[in-house]
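# Coordinate analysis (summary)
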Amino acid sequence: MASTPVLVARQLSKTVSAPEGELTLLEHIDLTVQGGDTLAITGPSGSGKSTLLGLLAGLDVPTGGDVRLAGEPFSGLDEDARAALRGRYCSFVFQAFHLVADLTALENVMLPLEIAGADRARDKARHWLARVGLGKRERHFPSQLSGGEQQRVALARAFAMEPALLFADEPTGSLDRANGDQVAEMLFDLNRDHGTALVLVTHDPALARHCGTHHELVEGRLSA
Amino acid sequence: MPDLSPRPLLRPWRSSAFRIQALALLVCTLAIAAVVLMRGELDHRFANRTAEAIGGDLVLEGSEPATRAQREQVAALPHSRISAFSTVLVHGDTFVLTSVKAVDDAYPLYGELTVAEQRFATPGTVDQGPPPGEVWLAGPALDRLEQNVGDTVTVGERQLRIGKVLVREPDQGAGFYSMNPRVLMNLEDVDSTGVLAPGTRVEYELRIAAPGEQMAGVLDRLEPTLAPHQEIDTREDAAMRSMGPMRQLSLWGQLSVMMVVLLCGGAVYLAAGVRSAEQARRCAVMKTFGAGRRLILGQILGRELAALLPSILVGLALAGGGFLLLQQWLGDALTWRPSVLTWLLLALAPVVIWAGFALPRLWRLADLPARLILADRLEAPAARTGRNLLGALLAPVLVAMMLSGSLVALGQLLLLMVAVAVGLPLLLWGPLRLADKGGARLPLAPRLALRRLARRPMTTLPMLAAMVLALAVMSLASQVGQQLLGQWRASLPEKAPNYFVLNLFDQDMDAFRSWLDTHDAEVPGFYPVVRARLTEVNGQPVREAVTKEDEDDQGQRALNRDLSLTQADTLPESNRVTDGRWVADAPGEVSVESELAASLGLEVGDELGFTAPSGSVTATVVGLREVEWESFEPNFYFMFSPGTLESLNRYWLTSFYLPEGQGADLPDLIRQFPQITLLDVNALLDQAQDLIARASRAALALAVLLLASSVLVMAAAWLAGSQQRRRDEALLRVLGARSALLRRVAVLEQALLLGGAALFAHLLHLVALWPLGAKLFDGDMPLSWWILLPWVLILPMLATQWLKPRRHSAPLARLMS
């Protein structure tokens, strides 16, 4: 029997009201992501990549179609229910890192674990910080870390939850080449080691080439 | 050049942060201008009023007339000669002891005389005293002599015509220094009356009008010529003695305005942070396209300041309008016109506040590389924020210099400001660090709330300090305002006694009480009075027991004259026991006024001996009392326990309130009890009550300004943190947090911030009671329920936070922005 896909999107569309009338951002998006898959979504600016990521992650609701996360209907749920489901299955890595400035590196990694009510959050967070090579920087605040280091903390935070699915939005977009390569390598290593499915939005063709599947988003439609 | 066309100047008003800054500057302008204009007007009026009260800007007093050389020194200035003495006026078999003031034609130098053409007729004013051959008599003297205007009285060897009823003299002063009915006569008639024989006690005055700067010169010229029996009284000395509630109001006004300035500065500082973030992207784009520093500063700062100018002008206009109303309300032609320089300084003060608190934060945009702005890395290093804040304090220093009339006052204001603006954040820093360390094991929601506050000290500390200050100032202002009003009103209740009666004897008492009953007169109490001298302390003659040698000392003066002693079973309302206790209901105990006791070195337990013509009495000091001398009640240095003074000859003293319109019956009272001395203090009372009503309204206006600036700080603080709060909430949402957790964190953050602010405001209130009490109330400022006001004020804020509907727009949009 085939395993349940981690993420399924069917006929997903998103329209918004604009002064000039209805504006279609996305239409007829079909996607299936299995456990351990790596999927790259590329496309020119304004093609709707971030909007699509938001819909897939339940951060926004589609105007048409639906999303199922680990077999459970996702896009029809209310905000709280989507947040709970997201917390259980998904993690994120952002281009701007989005660490909480008031929390240390360790506390940032602990945050999703604590939200989910996980046991031994501190130990797990320490373990993941060590995995990304920042074991000695756990008491540092984001402002005391370089961009590359911040993104590695964000990776530790994402993987600490041992998610079934990781969304990464331009994860190397704010880094120089050396740091970008290091973070990308780490991202794929962790993905491989833990069987986490990866949905990656990027401009970087080299990064996209690392993925098993590559879709390009053009004028709101996916092409293989 | 900044573009000053209307549209770009209106655009900033769309921003909440700009509106808060504009409102803060408006309140700040209004407060500073109102206090500066009010102080100028009151100083001006007070200088005139005190000059009126003492009869001139300088008064040369002596037991002999001023010498020819002294008169020549002031010949070029308007001056007037006065002789004051007591004499008996006679008509037929009736006579009355009066206080006479013999005046020349230049009298009065300031103010006007209030006189009436008949007893109880509507009074009018005149600007000169009686001509030769005429006397003007106060009502009680006419009543005693049973005479009226047009009749004659005998003064010494002369018959003089009664020309007018004397109602009030401008130089009557705030105290009733003479118990006898007052009489005004011409100086030329004095010799011919022959009332001044060698040895008669006369006070000669040479009064000089030397307004403004001239006074110092005259003082310099006259001082070297003074004979031992002469002294000079100046309008400044007199003003110091009689400021009363105005002194408190003036001090409270300066303190309040500095608080308003600091609070508005805090609001401007917090809102400027948000404005800086709002302007950052535009600034970065301008830089990217090659705009130079000058262009950016002109576009951003110039336009910002130009858009703020209307608020400053509105503040000035409101203060100016209020000032005109104040002048109209106070009446009189003597009005102060603020100079152009004053108006310029008033317009400059809010600009200085803005420059101090907002400019460094906006200026920084011009220095920051576009790369950092576009990467959203706007946060200034801690050291720079610290420098900005310290620099910002220079602005209120300049304003303080403007507000305080003297260097001493400036020093006090600066001390207060440094304590509040630097000391307070430093003081809060420790507890904030401790809370952060102690919060490591807390559950997630309170820990996140605490972290947000504790780990952003450069945002949290100014916000917390501003809120602590706002809450503490509100509670202190409420307590001080209420206490000031209470004190003023207590000293002058609505039915404060308007007549005082002396020389009532035991046999008069029943008939006198019955007269009071039939006239609905309200009497606080009757005091038996014994005239006696303090002669022994602990068995030793008082001259040996008291070693102080200063002739001006209060104790020495008390030893040199007969004192009025009384006995009572209850402590008068205007007295307060400061040491020991009030006297018991058994003879032999005495309570002493505390300042006199300190001057004589008397302590609880001392045995005092008094000698009166009818015998002597001894009593033990059981307590010391603070006496409110300004109260319109009989007050005494020595109050004995009931029964102590029974063996000595005594008369009775009382005061009573007689409703308006019943004054016409007073001549009957005087005819019924011819030996009594009746003092009419209605005019003084009206003047004092009017002053208090005005001071109360001014205090209320200051409280409203304080409230407005406190609300602005709260709004600015909320706005300053809102963007970061929304981002954090969005991130938590993405990481799987439910609404309940977000709401808990937000409410706990507010609760910790507001609760912490209320707690420290509560403590600050407690600590400030002592210095404020010492400054405004001579050390008397008790704990009151107002100390709980910070807690009461934060409750609605917390409730608003809890009940506020929360909208969660697409969180990813925030994180992607």
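Our structure is the block above this text.
Numbering of residues starts from 1 in every chain and runs along the sequence as written. Just so you know, chain letters begin at A and ligand numbers begin at 1, following the order they were written in. For a predicted model such as this one, the threshold for reporting local features is a pLDDT of at least 70, and the threshold for listing and counting side-chain atom pairs is 80 or more; totals across whole chains, interfaces and linings nevertheless cover every residue. Excluded from the side-chain calculation are hydrogens and water; included are all heavy atoms of the structure.

What follows deals with the overall build of chain A. Along chain A, the regular secondary structure elements total seven helices and ten strands. Across the 224 residues that make up chain A, the buried fraction comes to 53%. Residue contacts are counted whenever heavy atoms from the two residues lie within 4.5 Å of one another. The contacts of chain A with a sequence gap of at least 6 include a subset with a gap of at least 24, amounting to 68%. Using a 1.4 Å probe, accessible areas were evaluated by the Shrake-Rupley method; residue-level cover was limited to the displayed protein chains. Carbon and sulfur atoms provide 48% of the accessible area of chain A, an area that totals close to 9500 Å². Here a helix means four or more residues in a row that DSSP labels H or I, a strand means two or more in a row labelled E, and each is numbered from the N terminus. Relative accessibility thresholds used throughout: buried, under 20% of the residue-type maximum; exposed, over 50%; partly exposed, between the two (1.4 Å probe, protein chains only).

Residue-level contacts link 30 residues of chain A with 27 residues of chain B. As a working definition, buried area equals the accessible area (1.4 Å probe) given up by two parts on being put together, with both sides summed. Counting each side, the surface lost to burial between chain A and chain B is near 2500 Å², with a carbon and sulfur contribution of 60%. Broken down residue by residue, the surface that chain A buries against chain B is led by His98, Asp102 and Ile115 of chain A, which jointly contribute 24%. Counted as salt bridges are all cases of a side-chain nitrogen of Lys or Arg within 4 Å of a carboxyl oxygen of Asp or Glu. There are five salt bridges connecting chain A and chain B. Of the charged contacts, one joins Glu79 of chain A and Arg733 of chain B as a salt bridge, the two residues approaching to 3.3 Å between their closest N and O atoms.

Our next topic: the sheet that holds strand β7 (residues 165–169) of chain A. All names here are of chain A. A strand pair is defined by DSSP finding two or more bridges across the two strands. The six strands are arranged β6-β7-β8-β3-β9-β10 in an open sheet whose pairing can be described as mixed. If you trace the sheet from one side to the other, it starts and ends with β6 (90–93) and β10 (221–223), each paired once. When the angles between neighbouring strand axes are averaged without regard to direction, this sheet yields 20°. Two elements, strand β3 (residues 38–42) and strand β9 (residues 213–218), share four bridges in a ladder whose sense is parallel. Each residue of the ladder has a partner; that of Ile41, found in β9, is His215. Lines fitted to C-alpha atoms define the axes, with helix axes restricted to the stretch in contact, and inter-axis angles between N-to-C directions lie between 0 and 180 degrees. Here helix α5 (residues 147–160) sits on the sheet in contact with β6 and β7, set at roughly 175° to β6.

What follows concerns a nonpolar patch on the surface. Residue and element names in this part refer to chain B. Here the term patch refers to residues with relative accessible area over 30% and no salt bridge, with like charges joined within 9 Å and nonpolar side chains (Val, Leu, Ile, Met, Phe, Trp, Tyr) within 5 Å. Residues Leu759, Leu763, Leu766, Val767, Leu783, Trp785, Leu788, Trp791 and Val792 make up a contiguous nonpolar surface patch of about 920 Å² in total accessible area. Those elements that provide at least two residues to the nonpolar patch are α24 (739–777) and α25 (789–803). With four residues, the top contributor of residues to the nonpolar patch is α24. Checked against the element boundaries, Trp785 lands in the loop between α24 and α25. Judged by relative accessible area, which is 75%, Trp785 ranks as exposed.

Residue and element names in this part refer to chain B. Stacked, tilted and edge-to-face are the three classes applied to pairs of Phe, Tyr and Trp rings, where Trp contributes its six-membered ring and a pair requires centres within 6.5 Å; stacked means planes under 30 degrees apart, edge-to-face means over 60, and tilted covers the rest. For the structure on display, the rule yields eleven aromatic pairs over all chains. Between Phe610 and Phe638, the ring centres sit 5.0 Å apart and the planes meet at 75°, which makes this aromatic pair edge-to-face. In this pair, Phe610 is assigned in strand β18 (residues 607–612) and Phe638 in strand β20 (residues 638–640), connecting sequence segments 28 residues apart. Of the two residues examined, Phe610 and Phe638, each falls in the buried class. Three or more aromatic residues joined by ring pairs make a cluster, and in this case those are Tyr499, Phe512, Trp515, Phe526 and Phe656. The residue whose ring lies beneath Arg513 is Phe526, and the NZ or CZ to ring-centre distance is 4.4 Å. Both a distance and an angle decide whether a charge sits over a ring: NZ of Lys or CZ of Arg must be within 6 Å of the ring centre and within 35 degrees of the ring normal.

Another point: the environment of Ala105 of chain A. Residues and elements named next belong to chain A. Turning to its location among the elements, Ala105 is positioned in helix α3 (residues 105–115). The exposure class of Ala105 is buried, given its relative accessible area of 3%. A sequence separation of 33 residues divides Ala105 from Glu138, and the C-alpha atoms of the two residues are 4.9 Å apart.

Further remarks concern the pairing of strand β2 (residues 21–33) of chain A. Residue and element names in this part refer to chain A. Here strand β1 (residues 7–18) runs beside β2; their pairing, made up of nine bridges, is antiparallel. Each residue of the ladder has a partner; that of Ala18, found in β2, is Gly21. The turn linking β1 back onto β2 is made up of two residues.

Inspection of every chain in the model, using the stated rule, returns 31 salt bridges over all chains. Arg120 of chain A is the partner of Asp123 of chain A in a salt bridge, and the nearest nitrogen-oxygen pair spans 3.8 Å. Under the relative-accessibility criterion, Arg120 of chain A is labelled exposed at 58%. A salt bridge links Glu304 of chain B to Arg275 of chain B; the nearest nitrogen and oxygen atoms lie 2.8 Å apart. Separated by 29 residues along the polypeptide, Glu304 of chain B in helix α9 (residues 293–330) and Arg275 of chain B in helix α8 (residues 245–288) bring together distant segments of the chain.

In this section: the side chain of Lys164 of chain B. All names here are of chain B. Mapped onto the secondary structure, Lys164 falls in strand β8 (residues 158–168). Its relative accessible area of 17% is what places Lys164 among the buried residues. Side-chain atoms alone can form a polar contact between residues adjacent in sequence; in general such a contact is a pair of N or O atoms within 3.5 Å, and within protein one must be able to donate a hydrogen while the other accepts it. Within polar-contact distance, the side chain of Lys164 engages the side chain of Glu117 at 3.1 Å. Discounting chain neighbours no more than four positions away, the residues touching Lys164 are Val115, Ala116, Glu117, Val126, Val135, Trp136, Leu137 and Val149.

Moving on to the side chain of Arg275 of chain B. Residue and element names in this part refer to chain B. Taking relative accessible area as the criterion, Arg275 reaches 7% and is therefore assigned buried. A polar contact is formed between the side chain of Arg275 and the side chain of Glu304, at a distance of 2.8 Å. Ignoring anything within four residues of it in the chain, the contact list for Arg275 reads Pro12, Ser15, Ala17, Phe18, Gln21, Glu304 and Leu362.

With that out of the way, let us pick up unusual backbone geometry. Residue and element names in this part refer to chain B. A cis geometry characterises the amide bond from Tyr107 onward to Pro108, with omega recorded as -10°. Here Pro108 is to be found in the loop between β3 (94–103) and β4 (113–116). Even without a glycine there, the phi angle at Asn538 is positive, about 50°. On the secondary structure map, Asn538 appears in the loop between β13 (526–537) and β14 (540–541).

Let us now look at helix α10 (residues 340–357) of chain B. Spanning 18 residues, α10 of chain B covers 26 Å between terminal C-alpha atoms, matching the ideal 26 Å at 1.5 Å per step. Among all positions in α10 of chain B, only Thr342, Leu346, Ala349, Pro350, Ile353, Trp354, Gly356 and Phe357 of chain B are buried. Expected helix span is taken as 1.5 Å per residue step, with the number of steps being one fewer than the number of residues.

Further remarks concern the state of the cysteines. Residues and elements named next belong to chain B. The disulfide definition used here is simple: a pair of cysteine sulfur atoms within 2.5 Å. With the rule as written, the count across this model stands at zero disulfides over all chains. With no disulfide of its own, Cys28 has Cys264 as its nearest cysteine by sulfur position, at a separation of 4.8 Å. Judged by relative accessible area, Cys28 falls into the buried class, the value being 0%.

In short, shape yes, function no, at least from these values alone.
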